[in-house]
Amino acid sequence: MQLRPMSQAELDALLPALKREYAQDELRAGRGTPEAVHAQVEDLFARLLPDGVDSPGQLLFVGVDGDGAVVGRIWLGLPDERRPQAWVYDIEVDPAHRRRGYARAMLLAAEEVVRARGVTRLGLNVFGHNPGAQALYESLGYAAMSVQMSKELT
């Protein structure tokens, strides 16, 4: 498994689905109305990726297997004044390549990328409705720093 920089064309093709999926996760987590969440997602992406793949502080990669096939993607943010650690904004393995260890391999490769830049901590967010991802992250040594909980009142 290797990471290679994502091309602008790859990012352009990915952005609509990435925004839609993030908004769906935010809505599922109860973080606002559809209109408000979609506006927040648009603002977030405009702030983080103003220059696409050349946006300062953002590293976008695709994961490539030994045969050269793209099997997934990972988006990293470098530390900044708001966050003193690098951050995994997104990681996804394409459905046809899941359950083969590619997510683990991409995360380990990402650790090497940020470590080579002098970064000593890598964080991420995982939604509560994704226990498979939680298990993967815990197996790699990630620990919960806070847990938000809610209850639907009927």
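Residues numbered from 1 in each chain as written. Predicted model: local features only at pLDDT ≥ 70, side-chain atom pairs only at ≥ 80, totals over all residues. Heavy atoms only, no water.

(A) Representation of the overall build of the protein chain. In terms of regular secondary structure, the protein chain is built from 4 helices and 5 strands. The C-alpha atoms of the protein chain give 16 Å as radius of gyration, which agrees with the globular expectation for 154 residues (15 Å, within 12%). Taking the principal axes of its C-alpha atoms as reference, the protein chain extends roughly 50 × 35 × 35 Å. The burial tally for the protein chain puts 36% of its 154 residues in the buried class. Taking all contacts inside the protein chain whose residues are at least 6 apart in sequence as the whole, residues at least 24 apart take part in 53%. With the model as given, the accessible surface of the protein chain reaches about 9600 Å², and the carbon-plus-sulfur share is 51%. Separation between the mean location of the 17 positive side-chain charges and that of the 21 negative ones in the protein chain comes to 5 Å. (Helix = DSSP H or I, 4+ residues; strand = E, 2+ residues; numbered from the N terminus. Rg over C-alpha atoms; globule rule 2.2 N^0.38 Å. Buried < 20%, exposed > 50% of the residue type's maximum accessible area, 1.4 Å probe, protein only. Contact = heavy atoms within 4.5 Å. Areas by Shrake-Rupley, 256 points an atom, 1.4 Å probe, with all protein chains shown as cover. Lys, Arg positive; Asp, Glu negative; His and termini not counted. Charge placed at Lys NZ, Arg CZ, Asp CG, Glu CD.)

(B) Inspection of the packing of aromatic side chains at higher detail. Taken as a whole and assessed by the stated rule, the structure comprises 3 aromatic pairs. Ring centres 5.5 Å apart and planes at 55° place the aromatic pair Phe45 and Trp75 in the tilted group. Linking Phe45 in helix H2 (residues 34-48) with Trp75 in strand E3 (residues 70-77), this pair joins segments that are 30 residues apart in sequence. No difference in accessibility class separates Phe45 from Trp75, as the two residues are buried. One aromatic cluster is present, built from ring pairs that chain together Phe45, Trp75 and Tyr89. Here the basic side chain of Arg83 rests over the ring of Trp87, its NZ or CZ set 4.2 Å away from the ring centre. (Phe/Tyr/Trp six-rings, centres within 6.5 Å; stacked < 30°, edge-to-face > 60°. Lys NZ or Arg CZ within 6 Å of the ring centre and 35° of its normal.)

(C) Seen up close, the environment of Phe61. By secondary structure assignment, the location of Phe61 is in strand E2 (residues 58-64). Look past the residues within four positions of Phe61 in its chain and what remains in contact with it is Leu3, Arg4, Pro5, Met6, Arg73, Ile74, Leu76 and Val113.

(D) Examining H2 more closely. Along its 15 residues, H2 runs 21 Å from first to last C-alpha, staying within 8% of the 21 Å computed at 1.5 Å per residue. Restricting attention to buried positions, one finds in H2 the residues Val37, Val41, Phe45 and Leu48. The arc that holds the buried residues of H2, viewed along the axis, is 75°, so those residues lie on one side. Pointing more than 90 degrees away from the buried face of H2 are the exposed residues Glu35 and Asp43. (Expected span 1.5 Å × (residues − 1). Arc of directions from axis to C-beta.)

(E) Layout of the side chain of Arg73. Tracing the backbone shows Arg73 in strand E3. Judged by relative accessible area, which is 11%, Arg73 ranks as buried. Within the local environment of Arg73, its side chain forms a polar contact with the side chain of Glu92, the two groups lying 2.7 Å apart. Not counting chain neighbours up to four residues away, the residues in contact with Arg73 comprise Met6, Leu14, Leu18, Glu21, Phe61, Val62, Gly63, Asp90, Ile91, Glu92 and Met106. (Polar contact = N/O pair within 3.5 Å; in protein donor to acceptor, adjacent residues only side chain to side chain.)

(F) Geometry of the sheet that holds E2. Reading across from one edge, E1-E2-E3-E4-E5 is the order of the 5 strands in this open sheet, with mixed pairing throughout. With partners counted over all chains shown, the strands left at the sheet margins are strand E1 (2-5) and strand E5 (122-124), one partner each. Recorded for the sheet is a direction-independent mean angle of 35° between the axes of neighbouring strands. Bridge count between E1 and E2: 4 bridges; the pairing is antiparallel. From the neighbouring strand, Leu3 faces E2, where its bridge partner is Gly63. Relative to E3, helix H1 (residues 8-28) is tilted by about 75°, and along the sheet it contacts E1, E2, E3 and strand E4 (86-93). (Pairing = 2+ DSSP bridges. Axes fitted to C-alpha atoms, helices over the stretch in contact; angles between N-to-C directions.)

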